[in-house]
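Okay, here's what each chain looks like letter by letter:
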Amino acid sequence: MYLERVALRHIQMPLLAPFETSGWVETERSCIIVAVFGGGLIGWGECVAMDGPWYSYETTETAWHILRDFLVPMVLGQDIQHAEDLSAQFERVRGHPMAKAGLEIAIWDWLAKASGVSLAQALGGVRDRVDVGVSVGIQPSLANLVERVERYLIEGYRRIKIKIKPGWDVAAVQALRRAFPELRLQVDANSAYTLAHVPIFQALDEYNLLLVEQPLGADDLFDHAQLQQQLRTPICLDESIHTPDDARVALSLGSCRVINIKPGRVGGLAASRRIHDLCAAQNIPVWCGGMLETGIGRAANVALASLPNFRLPGDISASARYYAEEVIDPPFVLNPDSTLTVPRGPGIGVHVDERQLDRFTLRRMACPA
Ligand code: OSB
Ligand code: MG
């Protein structure tokens, strides 16, 4: 099918509450929404780069540049049959996985719509609901943390992840364990520690956590292997895994026992599925991470999480956990069993409300105009 036109919008949506990690605070979520047009169909994708280079080097600004000047020209006017073929083409551009993923996901959606199948079906999904949890940012006090987690438990979430950093780790986990002894709990450090902090992880090892996410350097595999040897709790890598090759090396070094897959971090859905398959072959569970997506990116994550080896709950909460208003209609809602329902309609299977998108749009461009 011929890809006739691509439109980009930079949008910004206010978060209901600030989201604080070891390295940054977000009060608003910026992202780039990609729309591809051809054969009378529209495909939608979300580029999850943030305003600042805190989680990765990409920003909204670099992604806009890479999309506009390099990636969009590669696909414009092309006859595209399989979204899997794009990764090889995009390899000419070094790095910039979030920019690549935004466009690749839009093309997956567009081609799935052309075939009349859901994105989940196109990817090989096997379930109609996916297990989800909440990622809870760093809070002003332990009392605030316990209160906030309790609120999410009342809403029906059955797995909680908390952000940790030096000074907000063992005490936070201890407070939650006291309040909720049976809670399915995990922590995410976003690379805030080094091997000098091994005693902290040994202390955390006593609290029956599901996993410890990205404790050490954002590109490290070696030190994580040293740390994993000293812990019972599985280490899960997020920032350190950029490619299927990184996953292969991490597993052979013993750097982790679980992998968090985010399409934006690894350059798209095809690479996500390759990492999924590689982990499945080695009996390593994966789960779907999140980047505070709007409903558009969330829909793609839900479809991805329906693949069989997504065996742990994803950071894919309901729309109302993040935003007062959505850009899709209806929004994602939490089922009573702590799941989200995988959309069945063609492609991402959610209706994009363009009037809502317009309200949050800071700038836009289209090729051809
Ligand atoms: O490290 O998993 C992370 C959000 C933005 C950037 C990085 C991360 C996160 C989250 C939130 O933890 C996940 C979500 O609910 O979308
Ligand atoms: Mg993480």
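Heads up: these notes are all about the structure in this document. If you're wondering where the values come from, they're calculated on a predicted model, not measured in any experiment. (Residues numbered from 1 in each chain as written. Chains lettered and ligands numbered in written order. Predicted model: local features only at pLDDT ≥ 70, side-chain atom pairs only at ≥ 80, totals over all residues. Heavy atoms only, no water.)

Let's talk about the sheet that holds strand β2 (residues 25-38)
For step 1, the next point in the chain: Reading across the sheet, the four strands line up as β3-β2-β1-β15 and stay open at both edges, with antiparallel pairing between neighbours. The open sheet has two free edges, formed respectively by β3 (41-47) and β15 (361-367), since each of these has just one partner strand. Pairs of neighbouring strands in the sheet enclose a mean axial angle of 25°, with direction left out of account.
For step 2, the next point in the chain: As defined by bridge partners, strand β1 (residues 5-20) adjoins β2 across twelve bridges and the pair is classed as antiparallel. Counterpart to Arg 5 in the pairing with β2 is Phe 37.
For step 3, the next point in the chain: Helix-sheet contacts for helix α3 (residues 97-115) involve β1, β2 and β3, and the interaxial angle to β3 is about 155°. (Pairing = 2+ DSSP bridges. Helix = DSSP H or I, 4+ residues; strand = E, 2+ residues; numbered from the N terminus. Axes fitted to C-alpha atoms, helices over the stretch in contact; angles between N-to-C directions. Contact = heavy atoms within 4.5 Å.)

Some words on unusual backbone geometry
For step 1, the next point in the chain: Each neighbour pair has its own omega, and for Asp 329 with Pro 330 the value is -5°, a cis peptide bond.
For step 2, the next point in the chain: A cis amide bond, omega -15°, links Cys 367 with the succeeding residue Pro 368.
For step 3, the next point in the chain: Position of Pro 368 among the secondary structure elements: in the segment after β15.
For step 4, the next point in the chain: At Asn 190, a residue that is not glycine, the phi angle is positive and equals roughly 45°.
For step 5, the next point in the chain: Owing to a relative accessible area of 9%, Asn 190 belongs among the buried residues under this scheme. (Buried < 20%, exposed > 50% of the residue type's maximum accessible area, 1.4 Å probe, protein only.)

Examining the site of ligand 1
For step 1, the next point in the chain: Ligand 1 sits among 16 residues. The nearest are Ser 135, Lys 163, Asn 190, Leu 292 and Tyr 322.
For step 2, the next point in the chain: Taking Lys 163, its side chain carries an N or O atom lying 3.0 Å from an oxygen atom of ligand 1.
For step 3, the next point in the chain: Between an oxygen atom of ligand 1 and a side-chain N or O atom of Asp 238, the distance comes to 3.2 Å.
For step 4, the next point in the chain: Across the complex, the protein chains shield 100% of the 390 Å² of accessible surface that ligand 1 would expose by itself.
For step 5, the next point in the chain: Per-class residue counts for the shell around ligand 1 are six nonpolar, three polar and seven charged. (Near = heavy atom within 4 Å. Polar contact = N/O pair within 3.5 Å; in protein donor to acceptor, adjacent residues only side chain to side chain. Areas by Shrake-Rupley, 256 points an atom, 1.4 Å probe, with all protein chains shown as cover. Nonpolar A, V, L, I, M, F, W, Y, C, P; charged D, E, K, R; others polar.)

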